[in-house]
Amino acid sequence: MSDPQITLTLTLAVASLAGLAMLIVAALNGWRGWLQLKSQELRLANEPAPPHNAGARIEIADLKERIRKLEAIAAGVDL
């Protein structure tokens, strides 16, 4: 096996296989990560929403009222 052409061919073949193996491992890790992300999204989507407390609802209503008043002022309407 002293022929340089054979040595070069074998070296390129081994390097190509090693590169292909690295790409496959990287793609498999990405696929597993994507599946884990989607699984987590599904778990979160199926959980019931936490109940809203009254304080948050009052604050949101107050903010909506302020926005309504600001829009009226911007439109030139007297309240």
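Residues numbered from 1 in each chain as written. Predicted model: local features only at pLDDT ≥ 70, side-chain atom pairs only at ≥ 80, totals over all residues. Heavy atoms only, no water.

## As for the overall build of the protein chain
Step number 1: Summing up its helical and strand segments, the protein chain has two helices and zero strands in all.
Step number 2: Relative to the globule expectation of 12 Å for 79 residues, the C-alpha radius of gyration of the protein chain, 32 Å, shows a markedly less compact shape.
Step number 3: Each principal axis of the C-alpha distribution contributes one length, and for the protein chain these read about 95 × 35 × 15 Å.
Step number 4: By residue count, 1% of the 79 residues in the protein chain fall in the buried class.
Step number 5: Summing over all exposed atoms, the protein chain offers an accessible surface of approximately 7300 Å²; the carbon and sulfur share of this is 67%.
Step number 6: Charged side chains in the protein chain number 8 positive and 8 negative. The centres of these two groups are separated by 6 Å. (Helix = DSSP H or I, 4+ residues; strand = E, 2+ residues; numbered from the N terminus. Rg over C-alpha atoms; globule rule 2.2 N^0.38 Å. Buried < 20%, exposed > 50% of the residue type's maximum accessible area, 1.4 Å probe, protein only. Areas by Shrake-Rupley, 256 points an atom, 1.4 Å probe, with all protein chains shown as cover. Lys, Arg positive; Asp, Glu negative; His and termini not counted. Charge placed at Lys NZ, Arg CZ, Asp CG, Glu CD.)

## So, a nonpolar patch on the surface
Step number 1: On the surface, Leu28, Trp31, Trp34, Leu35 and Leu37 cluster together to form a nonpolar patch covering roughly 500 Å² of accessible area.
Step number 2: If you trace the backbone, leucine 28 turns up in helix H1 (residues 4-46). (Patch = residues over 30% accessible without salt bridge, like charges linked within 9 Å, V, L, I, M, F, W, Y side chains within 5 Å. Salt bridge = Lys/Arg side-chain N within 4 Å of Asp/Glu carboxyl O.)

## Details of the packing of aromatic side chains
Step number 1: Here the structure, examined in full by the defined rule, presents one aromatic pair.
Step number 2: With centroids separated by 5.4 Å and ring planes inclined at 25 degrees, the aromatic side chains of tryptophan 31 and tryptophan 34 adopt a geometry described as stacked. On the criterion of helical spacing, the pair formed by tryptophan 31 and tryptophan 34 is a turn pair, its members being three residues apart in helix H1.
Step number 3: Its relative accessible area of 43% is what places tryptophan 34 among the partly exposed residues. (Phe/Tyr/Trp six-rings, centres within 6.5 Å; stacked < 30°, edge-to-face > 60°.)

## A look at helix H2 (residues 54-75)
An α-helical turn contains 3.6 residues, so any two residues separated by three or four positions project in the same direction.
Step number 1: Between its terminal C-alpha atoms H2 stretches 32 Å, which fits the 32 Å expected from 22 residues at 1.5 Å a residue.
Step number 2: Of the residues one or two after H2, glycine 76 is the one with positive phi, at around 85 degrees. (Expected span 1.5 Å × (residues − 1).)

## Considering the pattern of salt bridges
Step number 1: Using the criterion set out here, one finds three salt bridges in the structure.
Step number 2: Across the pair arginine 66 and aspartate 62 runs a salt bridge, and its minimum N-O distance is 3.4 Å. Linking arginine 66 with aspartate 62, this pair stays in helix H2, spanning four residues, or about one helical turn.
Step number 3: Relative accessible area serves as the criterion here: at 35%, aspartate 62 is assigned to the partly exposed category.
Step number 4: Here arginine 68 and glutamate 65 are joined by a salt bridge, their closest N and O atoms 2.5 Å apart.

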